[in-house]
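These are the residues of each chain, in order.
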Amino acid sequence: MTVATPVSPPPTTGSPGRRVVVTVVAIQLSCCLGFFSVMAHLVAHLRHDLGLMAGTAGLILGARTGLQFALLLPVGALTDLIGARRTGVLACVLRAAGFVLLGAAEGVGALLCAAVVLAVGGALYNPAAQSLLAGAGPAHQAGGFAAYVTAQHVATVAGPPVGLALISLEPGFALLTGAAAAMWALSGALFLLLPRAEPRTGERALPFRDVLPGVRAVFGDRSFMLFALLTAPTTLLANHIMTAVPLLGFAPGAATLSFCVLAAVAAAAQPFVAAGRRGERPWVLRAGLVCAAGTFFVLAPLDGTELGPLMLAAVLNGVANGLIQPSIFQRVTRHAAPERFGSYYGVMAFCAGMFSFAGEMAVGRLFDLGSAGATVALVGVGAFALVAAVGTRGP
């Protein structure tokens, strides 16, 4: 089932929606296991194996994030046009190729090439998967997204230790990225198991001429655009801890443990937010942003040896992710018509990605200035979270 060509469910059963949810959750588990097994150890690989400066590592990480989310502006609308199933297959093929390139790359140019391919694949994947969930029907949306994000957090718990085990074998990082590529290839095959959607009588997939007006309509939705701008820091808040912890000097074992704690806490928060669509309540998002701010305020004075404060930061970030991600999804589904979900998601994620790209670049430069610069960078990230929490209003 796709957003671009919705399927009319049988009048007596909700099984098509359940089938979509189960398949998308399985895809998410496979994709995220591959992704987080690599990302948890990528900074250490760039810094220690390849000898890159923090600013250069930040450029590569920021390029992937920035390009991925920049592409969501057109790709979200493209998903509405060609359908989520085909978009998802293409995403998985590109992500698999990107991880193979990443494992073979040794210079900055090759690393940036791998980052571009990974970015394009990631840009295609997110609107495809979330459009499928949004099109599964109101009875399945909240619970389906909760299961989807929980699968991500389960993979976040399992991914770092799996990556640690693989990277210790020969040929090390190349073996790890090869395994990640295989997981994304499996996910592409799972997308193919989804039924081909057929338009209802009298309906067609969105023609190309309707895509740009759809994006313009999103920009014309002032309430949604205000929400998208205020929540722009959320991607940086969710992802930057995986960059900051290794750069602060924590050992791989401590970093892996913190990421596992983060993911477990986030997964535990999902049922609370999914129940009764609590994510649409403004206080849920505000609470998540305040916890995200606390994460970086706790990290700011650390020097890579304090395990207790690191675990506290992981718990705070886990609560933040558990509250923020489903809240944003539920708020988007409230604003967007089903056939325009990809466009709305694309615009929102574009704003978040541009903020994340700029933030990663600035933070990387500040870390190169030493401990004082690192402290300023982390306090600044936390301050952005507080500003977003103060400005966030109801739908």
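The coordinates are above.
All of these numbers come straight from a predicted model, not from anything done at the bench.

Colleague: What's the story with the overall build of the protein in this structure? I'm lost.
Modeller: If you tally the helices and strands in the protein, you get 14 helices and zero strands. Helices and strands in the protein line up, N terminus first, as α-α-α-α-α-α-α-α-α-α-α-α-α-α. Within the protein, the proportion of its 395 residues that are buried is 57%. Considering only intrachain contacts with a sequence separation of at least 6, the fraction spanning at least 24 residues in the protein is 84%. Surface summary for the protein: the accessible area is close to 14,900 Å², and the carbon and sulfur share equals 69%.

Colleague: Could you clarify how one ought to interpret the nonpolar core in this entry?
Modeller: Nonpolar side chains in soluble globular proteins tend to be buried together. Ranked by internal contacts, the top residues of the largest apolar core, which has 112 residues, are Phe 99, Leu 102, Tyr 125, Tyr 148, Leu 299 and Phe 367. Residue contacts for Leu 299: discarding those within four places in its chain leaves Ile 241, Leu 248, Leu 310, Ala 313 and Leu 378.

Colleague: Explanation requested: the environment of Leu 237 in the structure shown.
Modeller: Inspection of the secondary structure puts Leu 237 in helix H9 (residues 234–247). Apart from residues no more than four positions distant in its own chain, Leu 237 is found in contact with Leu 289, Ala 292, Phe 296, Asn 317, Val 381 and Ala 385.

Colleague: When you look at the packing of helix H4 (residues 108–134) against helix H13 (residues 341–367) in this model, what are you seeing that I'm missing?
Modeller: For any two helices packed against each other, the geometry is given by the interaxial angle and the distance between the axes. Axis separation between H4 and H13 bottoms out at 9 Å; the angle between their running directions is 135°. Here H13 runs oblique to H4, going by the angle between their axes. Once H4 is placed against H13, the crossing between them reads as right-handed. Along the contact surface, H4 presents Asn 126, Pro 127, Gln 130, Ser 131 and Ala 134, while H13 presents Phe 341, Gly 342 and Tyr 345.

Colleague: How do you make sense of the environment of Thr 295 when you look at a structure like this?
Modeller: Mapping Thr 295 onto the fold places it in helix H11 (residues 282–299). Judged by its relative accessible area of 0%, Thr 295 falls in the buried class. Considered as a pair, Thr 295 and Ile 241 are 54 residues apart in the sequence and their alpha carbons are 8.4 Å apart. When near neighbours in sequence (up to four residues on either side) are disregarded, Thr 295 contacts Ile 241, Ala 313, Leu 316 and Asn 317.

Colleague: Please clarify how the environment of Ala 26 should be interpreted in this entry.
Modeller: You can see Ala 26 is positioned in helix H1 (residues 15–49). When its relative accessible area of 33% is taken as the criterion, Ala 26 is described as partly exposed. Each C-alpha atom, one on Ala 26 and one on Gln 152, is 10.0 Å from the other, the two residues being 126 residues apart in sequence.

Colleague: Explain the packing of aromatic side chains here, please?
Modeller: Describing an aromatic ring pair means giving the distance of the ring centres and the angle of the ring planes. Enumeration according to the criterion identifies six aromatic pairs in this entry. Between the aromatic rings of Phe 224 and Tyr 344, the centroid separation amounts to 4.8 Å while the plane-to-plane angle is 70°, which identifies the pairing as edge-to-face. Placement of Phe 224 in helix H8 (residues 222–230) and of Tyr 344 in helix H13 is noted, with a sequence separation of 120 residues between them. Neither residue differs from the other here; Phe 224 and Tyr 344 are each classed as buried. Taking 4.9 Å as the distance between ring centres and 90° as the angle between the ring planes, the aromatic pair formed by Phe 355 and Phe 384 counts as edge-to-face. Remark: Phe 384 occurs in helix H14 (residues 371–391) and Phe 355 occurs in helix H13; sequence separation between them is 29 residues. One aromatic cluster in this structure is built from Tyr 125, Trp 184 and Phe 191.

Colleague: Help me understand the packing of H9 against helix H12 (residues 307–335), please; the structure alone is not making it clear to me.
Modeller: Relative orientation of the contacting elements H9 and H12 amounts to 155°, with a least axis distance of 9 Å. With respect to each other, H9 and H12 are oriented roughly antiparallel. In the packing of H9 onto H12, the handedness of the crossing is left-handed. From H9, Thr 234, Leu 237, Ala 238, Ile 241 and Val 245 reach across to H12, where they touch Leu 310, Ala 313, Ala 314, Asn 317, Asn 321, Ile 324 and Ile 328.

Colleague: Sorry, what's going on with a nonpolar patch on the surface here?
Modeller: Together, Val 290, Phe 297, Val 379 and Leu 386 line one region of the surface with nonpolar side chains, adding up to about 300 Å² of accessible area. Elements that contribute at least two residues to the nonpolar patch include exactly H11 and H14. By secondary structure assignment, the location of Val 379 is in helix H14.

Colleague: Would you mind going over H14 with me for this structure?
Modeller: The α-helix advances 3.6 residues per turn, and as a result positions three or four apart in sequence lie on the same side. Helix length check: H14 (21 residues) gives 31 Å between terminal C-alpha atoms against 30 Å at 1.5 Å per residue, within 8%. Inspection of H14 places Gly 373, Ala 374, Ala 377, Leu 378, Val 381, Gly 382, Ala 385, Ala 388 and Ala 389 among the buried residues, and these make up the whole buried set. For H14, the secondary structure elements touched by its buried residues are H8, H9, H11 and H13.

Colleague: Any chance you could explain the side chain of Asn 317 here in plain terms?
Modeller: Locating Asn 317 in the fold gives a position in helix H12. Among the residues examined, Asn 317 registers a relative accessible area of 0% and is labelled buried. Not counting residues up to four positions away in its chain, the partners in contact with Asn 317 are Leu 237, Ala 238, Ile 241, Leu 262, Thr 295 and Phe 296.

Thresholds applied
Residues numbered from 1 in each chain as written. Predicted model: local features only at pLDDT ≥ 70, side-chain atom pairs only at ≥ 80, totals over all residues. Heavy atoms only, no water. Helix = DSSP H or I, 4+ residues; strand = E, 2+ residues; numbered from the N terminus. Buried < 20%, exposed > 50% of the residue type's maximum accessible area, 1.4 Å probe, protein only. Contact = heavy atoms within 4.5 Å. Areas by Shrake-Rupley, 256 points an atom, 1.4 Å probe, with all protein chains shown as cover. Core = buried A, V, L, I, M, F, W, Y, C linked by side-chain atoms within 4.5 Å. Axes fitted to C-alpha atoms, helices over the stretch in contact; angles between N-to-C directions. Parallel < 35°, antiparallel > 145°, perpendicular 65-115°, else oblique. Left-handed = near helix turned anticlockwise from the far one by under 90°. Phe/Tyr/Trp six-rings, centres within 6.5 Å; stacked < 30°, edge-to-face > 60°. Patch = residues over 30% accessible without salt bridge, like charges linked within 9 Å, V, L, I, M, F, W, Y side chains within 5 Å. Salt bridge = Lys/Arg side-chain N within 4 Å of Asp/Glu carboxyl O. Expected span 1.5 Å × (residues − 1).

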